[in-house]
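# Observations on the three-dimensional arrangement
What follows is the residue order along each chain.
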Amino acid sequence: MHKIFGYECRRLLLNKFFFGILLIILFYGWQVLSGRTLLGISRTAPFSAWSFGDYLSRMLPLLWIGALFFLTFFTSFRARRTAVLTDAAPAPPLQYALIRCAAAFLGVFLLVLACLAEAAVFYGYCFGWYGWSGLLLPALITLAPPLIFALGSGWFLGRIDPRLIYVWMPVPFLCAVLPLPEATGMLSGSFFTEYPLALEMTDPAFSLPLSVLSFQLILAAAGIAFLLLPALRWERSRPSSILIQ
């Protein structure tokens, strides 16, 4: 299986799309850091968890699109035709699905790592600041749940119809303009600009309301469920289909 994983990773990462989205992310990220984060967000320091979270929330739509584009390698009509061969193989199809999802996760992880590395270079160059221990948890909470949900829901929709993945790509942009509940603030990007002001303190310590934390956990759980559901359904139906044949 490690050979299949290596093949899928090469197919995802050694192509023009990956390097193209990486350059776009780095260019846009530097614009956000130098034009917005540099000034600090909502009366907080540029290197506070709030300003850093605002930067990540603005990068999230591009990371979301990148994650869904990775899935098109596995859910396109062309990939469906070749999937007939892997479905007939003796190895469990659930393993094939998890390997492909792991390759997509690796691609998304590398894009996220590029965003974090760019911020590290920016903070070190502009402020000589390297205190990252307080920013890792906000980064994990901000990015992991929506990107897990993007991969899971995209995988599920792509199995229904590959074109639905492209319909799903503008979701973060819609969340930013629609009047959504306060609990969805991390997904819409409003949390990091509005909540520090509501605390009525100068540069308050990072904290999360229970509603926001619960929504992030629900996003992650839903993403994992969407990832596993198609493969598990296929696994249950496989023996009966073999008997019919």
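Above: the structure in question.
Everything in this summary refers to the structure shown in the same document. (Residues numbered from 1 in each chain as written. Predicted model: local features only at pLDDT ≥ 70, side-chain atom pairs only at ≥ 80, totals over all residues. Heavy atoms only, no water.)

Here T142 lies in helix α6 (residues 136-160). When its relative accessible area of 0% is taken as the criterion, T142 is described as buried. Discounting chain neighbours no more than four positions away, the residues touching T142 are G53, L56, S57, M186, F192 and Q216. (Helix = DSSP H or I, 4+ residues; strand = E, 2+ residues; numbered from the N terminus. Buried < 20%, exposed > 50% of the residue type's maximum accessible area, 1.4 Å probe, protein only. Contact = heavy atoms within 4.5 Å.)

This brings us to α6. With 25 residues, α6 extends 36 Å between its outermost C-alpha atoms, agreeing within 8% with the 36 Å of an ideal straight helix rising 1.5 Å per residue. Within α6, the axis deviates most sharply at A144, by approximately 25 degrees, and proline P145 lies no more than four positions further along. Burial analysis of α6 places 18 of its 25 residues in the buried class, the great majority of the element. (Expected span 1.5 Å × (residues − 1). Bend = angle between axes of the 7 residues up to and from the residue.)

What follows covers unusual backbone geometry. The phi torsion at S42 lies on the positive side, around 55 degrees, for a residue other than glycine. Along the chain, S42 turns up in the loop between α2 (16-35) and α3 (49-75). With a phi close to 65 degrees, R43 is a non-glycine residue in the positive phi region. Among the secondary structure elements, R43 is positioned in the loop between α2 and α3.

So, about the packing of aromatic side chains. In total, this model carries 29 aromatic pairs according to the counting rule given. Relative to F127, the ring of F47 lies with its centre 5.6 Å away and its plane at 75 degrees, an arrangement referred to as edge-to-face. Separated by 80 residues along the polypeptide, F47 in the loop between α2 and α3 and F127 in helix α5 (residues 93-127) bring together distant segments of the chain. Its relative accessible area of 27% is what places F47 among the partly exposed residues. F127 sits in the partly exposed class, given a relative accessible area of 32%. Ring centres of F191 and F192 lie 5.2 Å apart, and the angle between their planes is 80 degrees; on these two criteria the pair is classed as edge-to-face. Three or more aromatic residues link up through ring pairs in this structure, and these residues are W30, F47, F52, Y55, F122, Y123, F127, W129 and W132. (Phe/Tyr/Trp six-rings, centres within 6.5 Å; stacked < 30°, edge-to-face > 60°.)

Our focus in this paragraph is the pattern of salt bridges. In total, this model carries three salt bridges according to the counting rule given. Of the charged contacts, one joins R58 and D54 as a salt bridge, the two residues approaching to 3.3 Å between their closest N and O atoms. In this pair, R58 and D54 both sit in helix α3, four residues apart, roughly one turn of the helix. According to the relative accessible area criterion, R58 is partly exposed, its value standing at 32%. Overall, D54 belongs to the buried group, its relative accessible area being 1%. (Salt bridge = Lys/Arg side-chain N within 4 Å of Asp/Glu carboxyl O.)

What follows concerns the nonpolar core. Of all hydrophobic cores here, the largest spans 53 residues; its most connected members are I25, F52, Y55, L63, L111 and Y123. Counting only elements with at least two residues in this core, the list comes to α1 (2-13), α2, α3, α5, α6, α8 (171-177) and α11 (210-244). Counting residues per element, this core draws most heavily on α3, at 15 residues. If near-sequence neighbours (up to four positions away) are discounted, L63 is found in contact with I25, L111, V112, C115, L143 and L147. If you look at the next biggest cluster of nonpolar residues, it comprises seven residues, including W50, M186, Y195 and V212. (Core = buried A, V, L, I, M, F, W, Y, C linked by side-chain atoms within 4.5 Å.)

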